[in-house]
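Understanding the architecture of this molecule
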Amino acid sequence: MEEMLFMVMEVLCNELEHLVSEDNRSYQVSPKGLLYLEGRRSQASAIGFCAMWFSPEVQSLWSDVIEPAIRASGYEPLRIDSKQHNGKIDDEIMASIRAAGFVVSDFTGNRGGVYYEAGFAHGLGLPVIFMCREGDDLHFDVRQYNCTFWTPDKLQDTQERLKNRILATLGQGPLQLQSLGLRQSCARRWQSSSSGIASMPCPIG
């Protein structure tokens, strides 16, 4: 048992550098280990967080583009103004980004908060998908990234492009895969029932 523990510690400390120890008796998670844990937690997340301007001017971008595109990709869309909470809004935003699998950031209106939230997500190692209204200026720091530009008269096209960008970046989301699994299960149950074998009701409408 002691030999096994030594081998595990050797790998975690020396090979992966996820743990550090000064006396080989007590261990702490290293900065590299923290980044690894953050990445593992985000990979399992089904949440797609949206950072954008909360203005009626761009409300259709959320309702007609970002929200349905995230959902169609198999993820759960989240915008902070739709989340019920009793805490400080800044703390809720940071916690929500930490819990997300990726962030969609729309820089329309050049809102400082959107830049901050995108930077915070980048610091956590989360994928950030950049968007902006055609004709709006992007700050120098984000111009180098591939950005999905949109216009109010082509929202349906933008939704499709955003969905494809999410799928290309992260692959099919867990919610879509779960739904597919349920549908396949329902199909098997239907085939069994049509063969005269008792079947449970299908949960999908």
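Structural data are supplied above this passage.
Residues numbered from 1 in each chain as written. Predicted model: local features only at pLDDT ≥ 70, side-chain atom pairs only at ≥ 80, totals over all residues. Heavy atoms only, no water.

**Some points on the nonpolar core**
- In terms of nonpolar packing, the biggest core is built from 22 residues, with Phe49, Ile97, Phe107 and Leu138 touching the most fellow members.
- Of all the secondary-structure elements, those providing two or more residues to this core are strand E3 (47–51), helix H4 (89–99), helix H5 (112–123) and strand E6 (128–133).
- Counting residues per element, this core draws most heavily on H5, which supplies four residues.
- If we skip the residues at most four places from it in the chain, phenylalanine 107 touches Val114, Tyr115, Ala118, Phe130, Met131, Cys132, Leu138 and Val142.
- Membership of the second largest hydrophobic core comes to 19 residues, among which are Ala69, Ile70, Val104 and Trp150. (Core = buried A, V, L, I, M, F, W, Y, C linked by side-chain atoms within 4.5 Å. Buried < 20%, exposed > 50% of the residue type's maximum accessible area, 1.4 Å probe, protein only. Helix = DSSP H or I, 4+ residues; strand = E, 2+ residues; numbered from the N terminus. Contact = heavy atoms within 4.5 Å.)

**So, the sheet that holds strand E4 (residues 76–79)**
- Pairing is parallel across the open sheet formed by five strands, whose spatial order is E4-E3-E5-E6-E7. Two strands close off the open sheet at either side, each with one partner strand: E4 and strand E7 (147–150). Direction aside, neighbouring strands of the sheet carry axes that sit 25° apart on average.
- Alignment of E6 against E7, held across four bridges, turns out to be parallel. Considered in E7, the bridge of arginine 133 is made with tryptophan 150.
- In the packing of helix H3 (residues 59–72) onto the sheet, contacts are made with E3, E4, strand E5 (102–106), E6 and E7, and the angle to E4 comes to roughly 145°. (Pairing = 2+ DSSP bridges. Axes fitted to C-alpha atoms, helices over the stretch in contact; angles between N-to-C directions.)

**Let's talk about the environment of glutamine 156**
- Structurally, glutamine 156 is set in helix H7 (residues 155–170).
- Placed 92 residues apart in sequence, glutamine 156 and aspartate 64 show a C-alpha to C-alpha distance of 7.3 Å.

**A word on H3**
- Compared with an ideal rise of 1.5 Å per residue, which puts 14 residues at 20 Å, H3 spans 19 Å between its outermost C-alpha atoms and is within 8% of the ideal.
- At isoleucine 66, H3 is deflected by roughly 25°, the largest bend along its length, and proline proline 68 occurs up to four residues later in sequence.
- Among the residues making up H3, those that are buried are Leu61, Trp62, Val65, Ile66, Ala69 and Ile70.
- At its buried positions, H3 is contacted by E3, E4, E5, E6, E7 and H7.
- Positive phi shows up at glycine 74, right after H3, with a value of about 95°. (Expected span 1.5 Å × (residues − 1). Bend = angle between axes of the 7 residues up to and from the residue.)

**Some points on the pattern of salt bridges**
- This structure, assessed with the given rule, holds six salt bridges.
- The closest approach of N and O atoms between glutamate 76 and arginine 71, which form a salt bridge, is 3.5 Å.
- The exposure class of arginine 71 is partly exposed, given its relative accessible area of 39%.
- Close ionic contact of arginine 161 with aspartate 157 constitutes a salt bridge, the shortest N to O distance being 3.1 Å. Within this pair, arginine 161 and its partner aspartate 157 are both found in helix H7, separated by four residues, close to a single helical turn. (Salt bridge = Lys/Arg side-chain N within 4 Å of Asp/Glu carboxyl O.)

**Some points on the pairing of E5**
- Among the five residues that make up E5, five are buried, leaving the element largely enclosed by the rest of the structure.
- Relative to E5, E3 runs parallel, the two being bridged by four bridges. Note on E5: the bridge partner recorded for alanine 51 is serine 105.
- The sheet contact formed by E5 and E6 spans four bridges and is parallel. Across the sheet, aspartate 106 pairs through a bridge with methionine 131, a residue of E6.

**Re the packing of aromatic side chains**
- Taken as a whole and judged by the stated rule, the model has four aromatic pairs.
- Each ring, one from phenylalanine 107 and one from phenylalanine 130, has its centre 5.5 Å from the other, and the planes form 15°; the classification is stacked. Linking phenylalanine 107 in the loop between E5 and H5 with phenylalanine 130 in strand E6, this pair joins segments that are 23 residues apart in sequence.
- On the accessibility criterion, phenylalanine 107 (1% relative accessible area) is buried.
- Here phenylalanine 130 falls in the buried class, since its relative accessible area comes to 5%.
- Taken together through their ring pairs, the aromatic side chains of Phe107, Tyr115, Phe130 and Tyr145 make up a single cluster. (Phe/Tyr/Trp six-rings, centres within 6.5 Å; stacked < 30°, edge-to-face > 60°.)

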